[in-house]
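So you can see what is in the structure, the chains are spelled out below.
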Amino acid sequence: MKVLVTGVAGFIGMHCAQRLLERGDHVVGIDNFSTYYSVELKKDRLARLKHARFEFQQVDIADASELTKIFERTKPEAVLNLAAQAGVRYSIENPQAYVQTNVVGFANLLECCRRHPPRHLVFASSSSVYGSNPQLPWSESHNVDHPVSLYAATKKSNELMAHVYSHVHGLNVTGLRFFTVYGPWGRPDMSPMLFAHAITQGKPIQVFNHGDMQRDFTYIDDIVEGTLRVLDRPAPYAIFNIGNHQPVALLDYIAAMERAFGKEARLEMKPMQPGDVKATYADTSALRAAVGFAPSTPLDTGLARFAAWFKQYY
């Protein structure tokens, strides 16, 4: 199968592309090499995808004409949209970047899929769409009309736009609400990388809301397995949570990081940050029912693999 992967130099994009190539698919990868974080890290990820069945082009999904050319030339059978301006906190500082990539870019992608319909379009949504919903675990049946960050609002808009294209144009499209993904080759703006640098350099870790937080950490290999199983089962319109169904308290998570790196962390207690939520917790029963799989890698196992990669890379 020929699969177009957008954001292929990203954390989840590279891992998904790698698995697609390993199983025999042809991958067309695009990425805009956004400078939001280290372009060097993105190029190092991309270097892992050298393969006869892999082709790469530097294209921004917000550029409609360039994206159209990719679709016309490659005619992908499936599309995996992992290109996005990521990060909850940065959306407060630079809202325009989120509107351009996550809204304009996604609209361009939907238009290309309408004109050249793939078997299935699967796109990254986010657990952040649940906002501060106090009802845990979060289920796809819960209301998601009250986002607390612009990033979350753009991801909710993707779900709505996708529904329209499914309803009006018959597009098979599925959105995946990812929950705190971590592992080797992860994003430098996320806590595993931030905490790993701090621990190894003996610098303090900023602990928000004085440690009174929980996150449903999901290991990258589980994310890839779930994502590709969904990609292989086209559906008219679906939304799935993809998380570990096991929230971990922030201080327990820091203790697990200390074990993984064999070094004690210095903690700096901070208040809650704007746009952040206190807890995330995925109900993954719908995903399991649909594809026979839900993530379950224990945090200690995943962090040990992350620490091994981190020490080797840095």
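Residues numbered from 1 in each chain as written. Predicted model: local features only at pLDDT ≥ 70, side-chain atom pairs only at ≥ 80, totals over all residues. Heavy atoms only, no water.

(A) Structural context of the overall build of the protein. Summing up its helical and strand segments, the protein has 11 helices and 13 strands in all. Taking 314 residues into account, the globule formula puts the C-alpha radius of gyration at 20 Å, and the protein, at 19 Å, falls close to it. Taken along the three principal axes of its C-alpha coordinates, the protein extends 55 × 40 × 40 Å. Per-residue burial over the protein gives 55% buried out of 314 residues. (Helix = DSSP H or I, 4+ residues; strand = E, 2+ residues; numbered from the N terminus. Rg over C-alpha atoms; globule rule 2.2 N^0.38 Å. Buried < 20%, exposed > 50% of the residue type's maximum accessible area, 1.4 Å probe, protein only.)

(B) Seen up close, the packing of helix α9 (residues 250-261) against helix α11 (residues 299-313). Following both chains from N to C, one finds α9 and α11 inclined at 50 degrees, their axes separated by 9 Å at the closest point. By the angle between their axes, α9 is oblique relative to α11. Of the two elements, α9 crosses α11, and the hand of that crossing is right-handed. Residue-level inspection shows Tyr253, Ala256, Met257, Arg259, Ala260 and Phe261 of α9 in contact with α11, the latter providing Leu299, Asp300, Leu303, Ala304, Phe306, Ala307, Phe310 and Lys311. Per-class residue counts for the contact of α9 with α11 are 11 nonpolar, no polar and three charged. (Axes fitted to C-alpha atoms, helices over the stretch in contact; angles between N-to-C directions. Parallel < 35°, antiparallel > 145°, perpendicular 65-115°, else oblique. Left-handed = near helix turned anticlockwise from the far one by under 90°. Contact = heavy atoms within 4.5 Å. Nonpolar A, V, L, I, M, F, W, Y, C, P; charged D, E, K, R; others polar.)

(C) A look at the pairing of strand β2 (residues 26-31). With respect to burial, β2 is a largely interior element, five of its six residues being buried. The pairing of strand β1 (residues 2-6) with β2 spans five bridges and is classified as parallel. What sits directly across from Leu4, in β2, is Val28. In this region the chain leaves β1, passes through helix α1 (residues 11-22) and returns to the parallel neighbour β2; the handedness of that crossover is right-handed. A crossover connection joins β2 to the parallel strand β3 (residues 54-58) through helix α2 (residues 39-47); in handedness this β-α-β unit is right-handed. (Pairing = 2+ DSSP bridges. Right-handed = clockwise from strand over helix to strand, strands pointing away.)

(D) A look at the pattern of salt bridges. Summed over all chains, the structure comprises 16 salt bridges. Between Arg19 and Glu225 there is a salt bridge; the shortest N-O distance is 3.1 Å. Separated by 206 residues along the polypeptide, Arg19 in helix α1 and Glu225 in helix α8 (residues 220-231) bring together distant segments of the chain. Judged by relative accessible area, Arg19 falls into the partly exposed class, the value being 25%. (Salt bridge = Lys/Arg side-chain N within 4 Å of Asp/Glu carboxyl O.)

(E) Spotlight on the sheet that holds strand β11 (residues 237-242). Taken in spatial order, the seven strands line up as β3-β2-β1-β4-β5-β6-β11 in an open sheet, and their pairing is parallel. In the strand order of this sheet, the two ends are held by β3 and β11, each with one partner. Averaged over all adjacent pairs, the angle separating strand axes in this sheet is 20 degrees, with direction ignored.

(F) Representation of the nonpolar core within the structure. The biggest cluster of nonpolar side chains holds 67 residues, and the ones touching the most others in it are Ile12, Phe178, Tyr253, Met257, Phe261, Leu303 and Phe306. Once residues within four sequence positions are removed from consideration, Phe178 is found in contact with Ile12, Leu82, Ala124, Ser125, Ser126, Ser127, Ile223, Thr227 and Ile242. In terms of nonpolar packing, the next biggest core, distinct from the first, is built from 22 residues, Ile61, Val79, Ala162 and Val173 among them. (Core = buried A, V, L, I, M, F, W, Y, C linked by side-chain atoms within 4.5 Å.)

(G) Empty space enclosed by the protein, seen in detail. Considering all chains together, one arrives at one cavity of 30 Å³ or more under this definition. Quantified by volume, the largest cavity comes out at close to 40 Å³. Lining the largest cavity are Phe11, Val181, Tyr182, Gly183, Gly186, Arg187, Met190, Pro192, Met193 and Phe306. Sorting the residues of the lining of the largest cavity by element identifies β7 (181-182) and α7 (191-201) as the ones contributing at least two each. Its residues assigned to classes, the lining of the largest cavity shows seven nonpolar, two polar and one charged. (1 Å grid on protein atoms, 1.4 Å probe; cavity = no way out; pocket = protein on both sides within 12 Å on 5 of 7 lines; lining within 4 Å. Points joined across faces, edges and corners; volume = space filled by probe spheres on them.)

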